[in-house]
Structures are given as structure tokens and as C-alpha cells.
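What the coordinates show
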Protein chains: 2
Amino acid sequence: MKAEKSLYRYRIEPHEVDFTLRATIPALGSVVLNTAGTDAHGKGFGVDALNAGNHSWVLSRIAFEFDRRPKQYDEYTVATWISDYGRVLSTRNFTLSDSSGSEFGRAVSQWAMIDLASRTAVDLSWVGDAHADAIVDAEPPAEKPRKIRAVTPSERCEHRVVYSDIDFNRHVNTMRYIEMMLDMLPLERLTCEAPVRMDIHFMKECRYGQTLAVGAEFRDDEALFEIVNDEGAAAVRAAIGWK
Amino acid sequence: MKAEKSLYRYRIEPHEVDFTLRATIPALGSVVLNTAGTDAHGKGFGVDALNAGNHSWVLSRIAFEFDRRPKQYDEYTVATWISDYGRVLSTRNFTLSDSSGSEFGRAVSQWAMIDLASRTAVDLSWVGDAHADAIVDAEPPAEKPRKIRAVTPSERCEHRVVYSDIDFNRHVNTMRYIEMMLDMLPLERLTCEAPVRMDIHFMKECRYGQTLAVGAEFRDDEALFEIVNDEGAAAVRAAIGWK
């Protein structure tokens, strides 16, 4: 049997909008990531099932594109599917469509599976075999997440990792990284209606109690970010660009 | 026709749990507040309807009680009802019950209606008349939120208000206040399984760009908090206690 894209229906709730009454980028990003979790759980290869075997999914890179931000109480559908399992990374894709079926956003994410004891990546070949029937024969809807090389910050701020930043793995949750970076942008950028693309690259896990340095480099229609941990190592890099 | 409590069903999702795999207090608090918004919207007196008349609901005080924190993927039901409209405050109540019907949490919230132009409280008598059929003849499930008087902080931290802290009114959103305060507690407290009650009293709205001072006073089985704005005025006070 050929696998199909899975569809999840949502509505933009009041706590997800900013003062433009449109969904924020972190709110849309959060729905995308939670949809990944829900879909994997429903199909039996979620974090909970993997943890039993002492494995977990770790997000390595993700790219989001939002052509517009839907309004409060707008209904929309997220379609998600896995397009391939490589040796190290699996690719999960998303499209977001409004109630008339018009696509307004998409995301491509790449996940590694780690062994929780050694915290090293596991060869995914066996997963590709075991879950071959979960692969959908449809290309990613956007360019795969780009690798972000050097960032030369002109502004920096500090962030001490607290309880509300961390997830069930005791690491900073993905949405908090995104918020830390976006919070360095001027409000006009965050609330503008131009189509936006964000590429994020996760390199090291940040932990409770660490003090992170969040740096930003501003260009014309782009901003680059780098989050450095208290040992001076780059933990997250990201780029956001507007059309 | 007599009004009935409204019921909303939810499931604890992975992004709502901490490393104990139980829902965090902010996650449960967030569901309670979002349920208030959904219920008011559905009944035609939500913030969106009020804004059209240049009014809005503002949360004045809330008390939460959680006897235990449900586990990831547990299903539960939130019941909500308005028990009275005073001249200044209306009371909205909540109970949280697991799938076997056993109540594990409750909340009592008091809301003022403000005129968005003058930002002053509106006399609610007319609302009580217009929406008398929305009042449910059932007492609040817990003691109403307590007023918190003087707090003498032994620890303080600063918080600059950023984009991801603010809501559609450009004010710090309720859950962020709660997170700022709880983040000052040791992890063992936050993740313990003792029944907890939290009373929060909102006095002033905090805005984008302000720098807040969050102070905490620790007692045996209780902690008090005070958030002071950059003009030195107390904006939020709270108390949290464990049994």
C-alpha cells in the first residue's frame, strides 16, 4: 500500500497572534513541530516509542517558509510526510494550506536518531527498511535547510537557560531557540507581511543552567544568528530572509 | 433555559511536559486560560467581539490548584462556567478531570472589562443583564484568588520584555509572567508531585521594551513573587504553596 500525506486541521487561536492579529512565526513553527510529534506518535515511531529502546529523534535542521501569516480564528490544514531516510538523516516535510486549499507555508526538516546512552547518531538504514511503508513518494515542497556558516554578530544578548526553556530531554526546546533569535529583530520586521524563509541548524544541545550568548548580524533583507554556549561553542545558527 | 458548564477535551502533548513526563504548571495554566478565550468567543462575548465595541477583558486575579500533573498523552476534560458578574469583576471557574472523571485541578479567575480608549474598568452590571443566561448556578470550585500584600524578595532577576513575551494587546502575556516567576524556583520544587496552589494578582500591564525586576521570597512550603516595572511600581504579585 502506498503511504499518503497525513492531514491535521487547526485553527489560529488568540494566544498565537501578535498585535497585527496574525499568527506569529514562532506560533506557526510550533504547530509544525508539534504536528511532527503527533504524526510520529500516531504511526508508532514517536519519541515515546523510541525512548523505550533508548533512542530519540533529534532535530538537526529545519527550514520554514511562510508567504503570509493567517489571521486569528482562521482554519488551516498541515499536511506532513516523510520523503526519505538517509543513513543519518530522515526528511519530514510539511505544507500549510488555508480553508480554500491555498498553500501559504511549507517546511522541510531533517532528523537524526540518537542513542540516548552514548548520545551519538544511529544508522537509520534499518529504520528505512522497517518503516519503508511510511515513506511518501513526494518531493520536499521547498529547498532543504541550508547550512549556515560564519556569522559575524553586531549585536549580542545573554540568555540564562531556565525551567520554562527546557523540554522533556532537559535541553532547550526548539521554539525557545527561535524566539531568542527573533526577539533580537525590530518589531517592524517581525510584524511585516512580506514572505519569509528561516533556516535553522542545530549543532549542540543547550542545557538547564547554561548561559547562552545570542548574536545577530543584520543585512538588507536578511539576518543571521548564532547561539554560543558557555564553553564558546556554536550551538545553533540561523538565517531569516524576507522577499 | 438554565446554562450548563461547558466541556472541552484535551490531551497532554509532548511539548507540554517536562523531564518527569508530566504536564508543567505553565502548560496546564495555559490550557485553562485558552479555554476561557475559546468559551467566551464561542458564546459571543470574546475579546474579538468586545474589541469591536472598543472593550476588552482583562484578567485581574486567578488561582490555580493542581493536585497532580497528568502524564504525556493523558486525555482530560476542562469544564468552565461563569458563576457571577459583579459590578467590576466577573468570575469564571474551571475544573480539570481525567478520563475516568476524577478531578485533579481547578481554577477561579476574575476578569474586569476595560474601555480600550480610557483603559479604565467598565461597570459590568449591563453585561450581567445582557448575558444573564450565561451564568451557571454552581459555586466556584476553590477559594477565590487571594490578594497578595507585601513581598520581601531575597532574590531578584531582570527581564527585558521582548516580542515573544507580548500578546495581541502589546502587553506581557499572562503565561510569561507565570513562567518568569516559576523559573526562579529550584527544579526539585517545579517537578515535585505535591499538590500545588498558585494565586496571581495582576495590577499593572507591562509593555514591550520595559525592563522588569522579578523578585522572590522563599518560605518553607511557599514562595512569594513580585514583578516590578521600570517605574518601580508593582505590576504582578503571586504566591505558590505546596501541600
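It should be noted that the structure appears before, not after, this text.
The following refers to the structure shown. (Residues numbered from 1 in each chain as written. Chains lettered and ligands numbered in written order. Predicted model: local features only at pLDDT ≥ 70, side-chain atom pairs only at ≥ 80, totals over all residues. Heavy atoms only, no water.)

What follows concerns the relation of the copies chain B and chain A. At an RMSD of 0.0 Å, chain B and chain A line up after a rotation of 180 degrees and a shift of 0.0 Å along the axis. Taken together, the turn and the small shift mark the pair as related by a two-fold rotation axis. Taking C-alpha positions as the reference, the residue of chain B nearest the rotation axis is His159 of chain B, at 5.1 Å. Comparing contact sets, 100% of the residues at the interface of chain B also lie at the interface in chain A, consistent with an isologous, same-surface contact. (Least-squares fit on C-alpha atoms with pLDDT ≥ 70 in both. Contact = heavy atoms within 4.5 Å.)

Chain B puts 32 residues into the contact, and the matching count from chain A is 32 residues. A salt bridge links Arg176 of chain B to Glu179 of chain A, with the nearest nitrogen and oxygen atoms 2.7 Å apart. In this assembly, chain B and chain A are joined by twelve residue pairs in polar contact (both at pLDDT 80 or more). Contributing elements (two or more residues each) for the side of chain B that touches chain A: helix H1 (25–42), helix H4 (174–182) and helix H5 (187–190) of chain B. Counted by class, the side of chain B that touches chain A contains 13 nonpolar, nine polar and ten charged residues. (Salt bridge = Lys/Arg side-chain N within 4 Å of Asp/Glu carboxyl O. Polar contact = N/O pair within 3.5 Å; in protein donor to acceptor, adjacent residues only side chain to side chain. Helix = DSSP H or I, 4+ residues; strand = E, 2+ residues; numbered from the N terminus. Nonpolar A, V, L, I, M, F, W, Y, C, P; charged D, E, K, R; others polar.)

Residue and element names in this part refer to chain A. For strand E11 (residues 234–242), a buried count of eight out of nine residues is recorded, marking the element as mostly surrounded by other parts of the structure. Summarising the sheet, strand E8 (residues 196–202) and E11 pair through seven bridges and their orientation is antiparallel. Bridging across to E11, His201 finds its partner in Arg237. Sheet analysis places strand E10 (residues 222–228) next to E11, joined by seven bridges and oriented antiparallel. When the bridges of E11 are listed, Leu224 appears paired with Ala239. If you look at the hairpin formed by E10 and E11, you'll find five residues sitting between the two strands, and Gly232 has a positive phi there, around 85 degrees. (Buried < 20%, exposed > 50% of the residue type's maximum accessible area, 1.4 Å probe, protein only. Pairing = 2+ DSSP bridges.)

For the rest of this paragraph, the subject is the side chain of Asp183 of chain A. With respect to the helices and strands, the residue Asp183 of chain A is situated in the loop between helix H4 (174–182) and helix H5 (187–191). One buried charge, Asp183 of chain A, has no salt-bridge partner; the nearest side chain with opposite charge is Arg176 of chain B, at 5.4 Å. (Lys, Arg positive; Asp, Glu negative; His and termini not counted.)

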